[in-house]
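Fold and contact review
Spelled out from the first residue to the last, the chains are:
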Amino acid sequence: RSATPEDLMRVAQEYLSLDQLTACALLPESGSEALTEETVSTALQSGHDRVATRERITPTERPPKPAPAPPPPLRESPEERGPGTIHTYPLPGGGALYVSPRRSVPVVAGRAAFFGGLLADTEAQSGLSSFLTSMWSRGTERHDAAAFARAVEDLAAEVSGFSGRSSIGLTFESTSEQFLPTLDLATDVLCRPRFEAEEIERERRETLAAIDRREDQLAQRAFQIFVETEFAHHPYRRSMLGTRETVAAFQAEDLRAQHARLIRSPNLHLAIAGDVDPDETARKTRNTRVVEHHRQHRR
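The structure presented is a predicted model; accordingly, all values stated were derived computationally and were not measured.

Structural notes on the pairing of strand β5 (residues 167-175)
As defined by bridge partners, strand β3 (residues 107-115) adjoins β5 across 9 bridges and the pair is classed as antiparallel. Across the sheet, residue F115 finds its bridge partner in β5, namely S167. In this sheet, β5 lies alongside strand β4 (residues 158-163) in antiparallel orientation, the contact comprising 6 bridges. Each bridged residue has a counterpart across the sheet, and for S160 the counterpart in β5 is T171.

Structure (structure tokens):
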């Protein structure tokens, strides 16, 4: 809110400079050679010089850098319980709950995050975390895929899995009136996924099609070339979707093993924001079946 045009220009000059630029171009194997390293460099330098002449702020015109603001508190204190405060609660089994009340709109959003993603996939099972989280919306022990979709729709809610480079998890959103039934569906996904053979094959077909489409999308291809080069010896070099060979080999037992390894109470960070009371939310969350499920599992 306090940023000025001068602030933006100062930051742009500091970071968006030619000496920090990495450019990547995908070209036909045969065809025009008009786009070369020299022509790209010349074009970039010409554009940079034109803008620098017209817009550059001289050092004497730059406003002084403001003193850095202290970081916001990450844990609840007795003195701070107003809007915007993040309230932190331990969960049974070693997880943590973070609640941020926003009472102005009757909506609640949540995210259950676990360490995982690309960092948890092996070379031989590249893409397994992404495949796992896609399967979560394809049924639980209580609901097959169609019944689960109807249950979510009946609540006018959203429940979906995600998988990134270092985490996996589940997001959910609903009106405040339907928060508890939506949370119940979300915990059902995390505790009792179905992994039905027919749904695995459907997800396999969709994932393989997505891998094939990826080869025709130049922006994605350019990014993949970048990560394969930048992270040559690190799991981040892999595609989150995996390869055709690894995806073709995924079986229900692979999904169950990955799920059991990652979706555990000590690995859980649950954040809830919206029209909720923090203490009441903590009490209700501790009594959900996800906590009870993992308490029994630990025993």
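Next, the rest of the story.
Points about the packing of helix α3 (residues 128-135) against helix α9 (residues 252-262)
Two elements in contact, α3 and α9, have axes whose closest approach is 10 Å; the angle formed by their N-to-C orientations is 90 degrees. When the interaxial angle is binned, α3 and α9 end up roughly perpendicular. For the pair α3 and α9, the contacting residues are L128, S129, F131, L132 and M135 in the first and D254, L255, Q258, H259 and L262 in the second. Residues of the contact of α3 with α9, tallied by class, amount to 6 nonpolar, 3 polar and 1 charged.

So, the packing of α3 against helix α6 (residues 197-214)
Their axes nearest at 10 Å, the elements α3 and α6 cross at an angle of 125 degrees. Viewed along their axes, α3 and α6 adopt a mutual orientation that is oblique. Taken as a pair, α3 and α6 cross one another with a handedness that is right-handed. Every residue of α6 that contacts α3 at F131, S134 and M135 is listed here: E199, I200, E203, R204 and T207. For the contact of α3 with α6, a count of residues per class yields 3 nonpolar, 2 polar and 3 charged.

Thoughts on helix α4 (residues 145-154)
Along α4, the positions that sit buried rather than exposed are A145, A147, F148, A151 and V152. Along the long axis of α4, the arc covered by the buried residues comes to 165 degrees, so they all point the same way. Facing away from the buried side of α4 by more than 90 degrees, the exposed set consists of E153 and D154. Along its buried surface, α4 packs onto β4, α5 (179-191) and α6.

Overview of the pairing of strand β2 (residues 96-101)
Summarising burial for β2: 5 of the 6 residues are buried, a large majority. The pairing of strand β1 (residues 87-90) with β2 spans 4 bridges and is classified as antiparallel. Bridge assignment links T88 to a residue of β2, and that residue is Y98. Taking the residues that link successive antiparallel strands as the turn, the β1-β2 hairpin has 5 residues, and the phi of G93 there is positive, at about 95 degrees. Judged from the 6 bridges that link them, β2 and strand β6 (residues 268-274) form a sheet pairing that is parallel. Note that in β6 the partner of S100 across the bridge is A273.

A closer look at the sheet that holds β4
Reading across the sheet, the 6 strands line up as β1-β2-β6-β3-β5-β4 and stay open at both edges, with mixed pairing between neighbours. With one partner strand each, in any of the chains shown, β1 and β4 form the two edges of the open sheet. Mean inter-strand twist for the sheet, computed between neighbouring axes without regard to direction, equals 15 degrees. Against the sheet, α5 contacts β3, β4, β5 and β6, and its axis sits at roughly 155 degrees relative to β5.

Quick notes on the environment of L255
In this fold, L255 is placed in helix α9. L255 sits 120 residues away from M135 along the chain, and the two C-alpha atoms are 8.8 Å apart. Non-local contacts of L255, meaning those with residues more than four positions away in its chain, are made with L128, F131, L132, M135, F195 and I200.

Structural notes on unusual backbone geometry
With a phi angle near 55 degrees, A156 is a residue other than glycine that sits in the positive phi range. Relative to the helices and strands, A156 is located in the loop between α4 and β4. Despite not being glycine, F195 has its phi angle at roughly 55 degrees, a positive value.

A word on the confidence of the model for the protein chain
Summary statistics for the protein chain give a mean pLDDT of 86 and a share of 85% for residues scoring 70 or more. Mean pLDDT across the secondary structure elements of the protein chain bottoms out at helix α11 (residues 289-298), with 50, and peaks at α3, with 98. Counting interchain partners and residues more than four positions distant, the pLDDT-below-50 stretch residues 72-80 has 12 contacts. Every residue in residues 295-299 scores below 50 in pLDDT, and together they form 5 contacts with partners more than four places removed in sequence or on other chains.

A short note on the packing of aromatic side chains
The full count for this structure, using the stated rule, is 3 aromatic pairs. Directly above the ring of F162 sits R111, whose terminal nitrogen or CZ lies 4.4 Å from the centroid.

Parameters and conventions
Residues numbered from 1 in each chain as written. Predicted model: local features only at pLDDT ≥ 70, side-chain atom pairs only at ≥ 80, totals over all residues. Heavy atoms only, no water. Pairing = 2+ DSSP bridges. Helix = DSSP H or I, 4+ residues; strand = E, 2+ residues; numbered from the N terminus. Axes fitted to C-alpha atoms, helices over the stretch in contact; angles between N-to-C directions. Parallel < 35°, antiparallel > 145°, perpendicular 65-115°, else oblique. Contact = heavy atoms within 4.5 Å. Nonpolar A, V, L, I, M, F, W, Y, C, P; charged D, E, K, R; others polar. Left-handed = near helix turned anticlockwise from the far one by under 90°. Buried < 20%, exposed > 50% of the residue type's maximum accessible area, 1.4 Å probe, protein only. Arc of directions from axis to C-beta. pLDDT = per-residue confidence, 0-100. Phe/Tyr/Trp six-rings, centres within 6.5 Å; stacked < 30°, edge-to-face > 60°. Lys NZ or Arg CZ within 6 Å of the ring centre and 35° of its normal.

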